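Next come the chains, spelled out residue by residue.
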Amino acid sequence: MERLGSEAALAGMEATMKEELSMEIDPPFKESLATAEDWRKALNKVVPAVVVLRTTACRAFDTESAGASYATGFVVDKSRGIILTNRHVVKPGPVVAEAMFVNREEIPVYPIYRDPVHDFGFFRYDPSAIQFLSYEEIPLAPEAACVGLEIRVVGNDSGEKVSILAGTLARLDRDAPHYKKDGYNDFNTFYMQAASGTKGGSSGSPVIDWQGRAVALNAGSKTSSASAFFLPLERVVRALEFLQRGKEANTNTWQAVNIPRGTLQATFLYKGFDEIRRLGLRSETEQLVRHASPLEETGMLVVDSVVPGGPAHKHLEPGDVLIRLNGEVSTQFLKMETLLDDSVNHEIELQIERGGKPLTVNLKVQDLHSVTPDYFLEVSGAVIQPLSYQQARNFRFQCGLVYVAEQGYMLFRAGVPRHAIIKKFAGEDIARLDDFISVLSKLSRGARVPLEYIGHTDRHRRKSVLVTVDRHEWYAPPQIYTRNDSSGLWTVKPVLPLDSPLLSSLVNPIEQDLASNRVSSCSAEVTPMEQAHQCVGQEPMDGVASMETSCEQIDNGAHSLDESDAGSKKRRVEEDLSADGVLSPDCSLHEPREERLEATGTQPEAVLRDYQGGAAAETNASVAERVIEPTLVMLEVHVPSSCMIDGVHSQHFFGTGVIIYHSQTMGLVAVDKNTVAVPVSDVMLSFAAYPIEIPGEVVFLHPVHNFALVAYDPSTLGAGASVVRAAELLPEPALRRGDSVCLVGLSRSLQATSRKSFVTNPSAALNIGSADCPRYRATNMEVIELDTDFGSTFSGVLTDELGRVQAIWGSFSTQLKYSCSSSEDHQFVRGIPIYTISRILDKIISGVDNPTLFINGIKRPMPLVRILEVELYPTLLSKARSFGLSDSWIQALVKKDPIKRQVLRVKGCLAGSQAENLLEQGDMVLAINKEPVTCFHDIEDACQELDRRNDSDGKLTVTIFRQGREIDLLVGTDVRDGNGTARVVNWCGCIVQDPHSAVRALGFLPEEGHGVYVAR
């Protein structure tokens, strides 16, 4: 908010007055007689004891988020191996840390204490591990700090290994800095201030004087100026003494030490007498305090906030002026904290003034550690813990409530934000974490239950969402992590009883063929399912995730996001799906495509008729719209963060699909691969014909073309099974330029919308470049372009006037690159001819002898696709002539296709393919098996012909034109399934997989074993 000029001037005058006053009230300047030689000696002694700390927070917890960072620390006890640094470096949650000394010796360090309030903590290390460096501990001298003292800040400033910044202490009574509204903040202490200009990485640096003593601990800085903030060391010295008494210098074992810390759950601020008078301070009280305090004392402590439910709640109020503690005048934080720390679980007497009226209250001092959690629940990647005192103070909530430190997958999909307070789960009130665990233990996988929460930004309104318990094993079962300060590690144990439905549903009752896809795990033996897509949850730090196709791979719920974002096709928010498949005996798939189902529910036929032909009720709906509406489906897809494979660029997608098969036992939906990008997905289907939402299962991803097939169980539709139907596909004749088509799609409200248009180009060749992170891109595809731009988010189908589907109007993903380091994800829509989809569907229906896949409990053969793994692009024959192509070949190619008049050229071969090292970039493909080829369709037909011939060796005779010569080559083809990536290893957050096609399209793989690809 901007101020008027007069207001700014007045504010400047007030600031100037306060600065002058602060200089008067600070302790008198002590002249330093240090010389340059003194500083050199001090620094030579200090620098070897300063270490660079590299920390990795493995989980979000309390005030800190997960991530890696650099900071500084320094040795304060050499014999015991104790390093002092900041609390926000030690972190309240799980952390892995290493310390690097100035001579590049690196050792692991383990946290042993982090203060619940103040910004300091300690790491320990093994002193015997330092073999090549001579160093001494840095002594702590909090009493040496004074205004005007020359100091040096020695640390890892701005990522430098050693940086020495000079400054002069200007203030000793600065308010504690406020960093975040929803993160860690220090309070109930003074800070020091100097213009040393420290930046990131210097947290935990020692602030030393010319004698080499640490007089303060560097904690933070102001980004808009050179001001740096230092923590006084009085409470640090006390904590260090407790740690030293807890461990003898000659012992190797470390035992957790209890450092008494007390709290009233109230925040105090130091205010000058001029401000306190405005709060009603009586003159006789001011006189009393001034006489009982040192001459330089010019203020008192005032209550700033009180945490609900704490010892001070309903006893202290903001604005109360503290006069005495246990009968003694108290105007300093240090005196107040000393009394609180020495009076844990005892009552103290506070004498205060409230609006000029003296009051006396007796409060019981609470153990500060009791409101600072040291454990958390991890479920589906979410971190849920009791609300700590730090966050309770930030949010003005009661300590101990169930707090979401990290949403993970399940809660993120439901729309539960970080920092949410869970109030109800599955209809039961949630007051403590044990209540949440109790409810969770009663739920089964795939269960959809309501959850109510409140947030600190809208604290008076409860929000309700639908949470779907993970059905797939994307993550390990719920576990409790507890901090062990003796080892510096966190121990983990299962939290659910063995008879919990959530655990019992993990056991797959289906005996399956284990002859193939054998998968082993570091933590447990995984029983893979035949050609399944499943990500097995592992221990957080170690494990193997295997994706295979399971008959139970129907997933959980979909999340409705902000309606204001409805124009965006892809959004990053997560949720869950549900549905159980029941395995039945094997059967073949010879069923009529349009078989109608009898209503399995009890609804009257009149009710069903209300849903049939919803578009028919619209007087202005076209015939195509009325026919196609019952076949349209809205898909919402979520990808777990633990399985972000194949370069998938988002965790949340949605788009329109069309039902291409619907029978009593199986339904199939065709959709673009920019909606269903990877097999490890939770898919939720919403039908335009009937108001129901059911889970789907990714069963086929075409290795080249931009479409996927998603299966659903028609029995889960209930009465809607007789309303939903499959679209009639019209692969022939192919669309031509000038043909009239009807584009029919769904809005986010599942309303069918149709638009008429004309085909301008029925065979536009795509040319999509590789993304920064290789991911699927459509290659060797010819798409349909229309005369009207319908936007980049509207998807659906292209039909004729009778509603027969001729193409899918699907979404394509690309990346716009603005410079070498700047790019942006982009998408566009084009028509995908239906003939390829129809060909795959025919293979599924015919039940050819191919590898099988369990779909809705039935083992079904899934087609294999033979392809020439070469990326091609068309070139005009006029250009080809310039390269030396003969007139006879030009005439033959024109005769083959007199409209396009083009020849295909090789852009590159996929690494590891049969065509690698045979075809070269720039080769013109003239003919296959002596038949001229001019488009991608011709090559696909040639590959299909190989499958029809029983005596085929899988090779094509390819006639190419290379550097002025015609050459005949025998080029092998590759056979790919529609499973996508079938195995991935997730280890310590690193996702490793086989190189997928987008990586191989870059043209290189290691010769030995073809290597592995690090996806994340």
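Everything here concerns the structure above.
First, a word on scope: everything that follows refers to the structure included in this document. Computed from a predicted model, the values in this text were never measured in an experiment.

Rules and cut-offs
Residues numbered from 1 in each chain as written. Predicted model: local features only at pLDDT ≥ 70, side-chain atom pairs only at ≥ 80, totals over all residues. Heavy atoms only, no water. Helix = DSSP H or I, 4+ residues; strand = E, 2+ residues; numbered from the N terminus. Buried < 20%, exposed > 50% of the residue type's maximum accessible area, 1.4 Å probe, protein only. Contact = heavy atoms within 4.5 Å. Areas by Shrake-Rupley, 256 points an atom, 1.4 Å probe, with all protein chains shown as cover. Phe/Tyr/Trp six-rings, centres within 6.5 Å; stacked < 30°, edge-to-face > 60°. Pairing = 2+ DSSP bridges. Axes fitted to C-alpha atoms, helices over the stretch in contact; angles between N-to-C directions. Arc of directions from axis to C-beta. Polar contact = N/O pair within 3.5 Å; in protein donor to acceptor, adjacent residues only side chain to side chain.

1. Focus: the overall build of the protein chain
Phase 1 of the analysis: When its secondary structure is counted, the protein chain shows 18 helices and 55 strands.
Phase 2 of the analysis: Across the 1016 residues that make up the protein chain, the buried fraction comes to 56%.
Phase 3 of the analysis: Pairs at least 24 apart in sequence give 68% of the contacts found in the protein chain among residues at least 6 apart.
Phase 4 of the analysis: As displayed, the protein chain offers around 42,700 Å² of accessible surface, 50% of which is attributable to carbon and sulfur atoms.

2. Considerations on the packing of aromatic side chains
Centre distance and the angle of the planes are the two values used to describe a pair of aromatic rings.
Phase 1 of the analysis: By the definition in use, this model includes 17 aromatic pairs.
Phase 2 of the analysis: Residues phenylalanine 376 and tryptophan 490 carry aromatic rings whose centres are separated by 5.5 Å and whose planes lie at 45° to one another, so their mutual orientation is tilted. With a gap of 114 residues between them, phenylalanine 376 in strand E21 (residues 375-379) and tryptophan 490 in strand E29 (residues 489-494) connect regions that are remote in the sequence.
Phase 3 of the analysis: Between phenylalanine 687 and tyrosine 712 the ring centres are 5.3 Å apart and the planes differ by 75°, which places this aromatic pair in the edge-to-face class. Of the two residues, phenylalanine 687 sits in strand E34 (residues 682-687) while tyrosine 712 sits in strand E36 (residues 708-712), which places them 25 residues apart along the sequence.

3. Observations regarding unusual backbone geometry
Negative phi is the rule for most residues except glycine; trans is the rule for most peptide bonds.
Phase 1 of the analysis: Note the cis peptide between glutamate 732 and proline 733, where omega equals -5°.
Phase 2 of the analysis: Mapped onto the fold, proline 733 is located in the loop between E36 and strand E37 (740-746).
Phase 3 of the analysis: A positive phi angle is found at asparagine 917, which is not glycine, with a value near 70°.
Phase 4 of the analysis: Locating asparagine 917 in the fold gives a position in the loop between strand E47 (902-909) and strand E48 (924-928).

4. What about the sheet that holds strand E11 (residues 214-221)?
Phase 1 of the analysis: Taken in spatial order, the six strands close into a barrel running E7-E8-E9-E12-E11-E10, and their pairing is antiparallel. Taken pair by pair, the neighbouring strands of this sheet meet at an average axis angle of 45°, ignoring direction.
Phase 2 of the analysis: The pairing of strand E7 (residues 150-155) with strand E10 (residues 206-208) spans two bridges and is classified as antiparallel. Residue pairing in the sheet places valine 153 in a bridge with valine 207 of E10.
Phase 3 of the analysis: This element, helix H2 (residues 36-46), spans E7, strand E8 (163-175) and E10 of the sheet and lies at about 30° to E7.

5. A look at the sheet that holds E36
Phase 1 of the analysis: With antiparallel pairing, six strands are arranged side by side around a closed barrel as E31-E32-E33-E36-E35-E34. Each strand axis lies, on average, 40° off the axis of its neighbour in the sheet, ignoring direction.
Phase 2 of the analysis: Judged from the six bridges that link them, strand E31 (residues 632-638) and E34 form a sheet pairing that is antiparallel. Residue glutamate 636 lies in a different strand from E34, and its bridge partner there is methionine 684.
Phase 3 of the analysis: Strand contacts of helix H14 (residues 834-846): strand E32 (652-662), strand E33 (667-671), strand E35 (693-701) and E36, with the helix running at about 55° to E32, the strand carrying the most contacts.

6. Re H2
Phase 1 of the analysis: Those residues of H2 that fall on the buried side of the exposure criterion are Trp39, Ala42, Leu43 and Val46. Down the axis of H2, the buried side of the element spans an arc of 95°, and every buried residue falls inside it.
Phase 2 of the analysis: At its buried positions, H2 is contacted by strand E1 (50-57), E7, E8 and E10.

7. Describing the pairing of strand E44 (residues 858-861)
Phase 1 of the analysis: Relative to E44, strand E43 (residues 852-855) runs antiparallel, the two sharing four bridges. The residue of E44 that forms the bridge with phenylalanine 854 is lysine 859.
Phase 2 of the analysis: Where E43 folds back onto E44 in an antiparallel hairpin, the turn is made up of two residues, including asparagine 856, whose phi is positive at roughly 55°.

8. A closer look at the side chain of threonine 372
Phase 1 of the analysis: Structurally, threonine 372 is set in the loop between strand E20 (366-367) and E21.
Phase 2 of the analysis: At a separation of 2.9 Å, a polar atom in the side chain of threonine 372 contacts the main-chain carbonyl oxygen of leucine 368.

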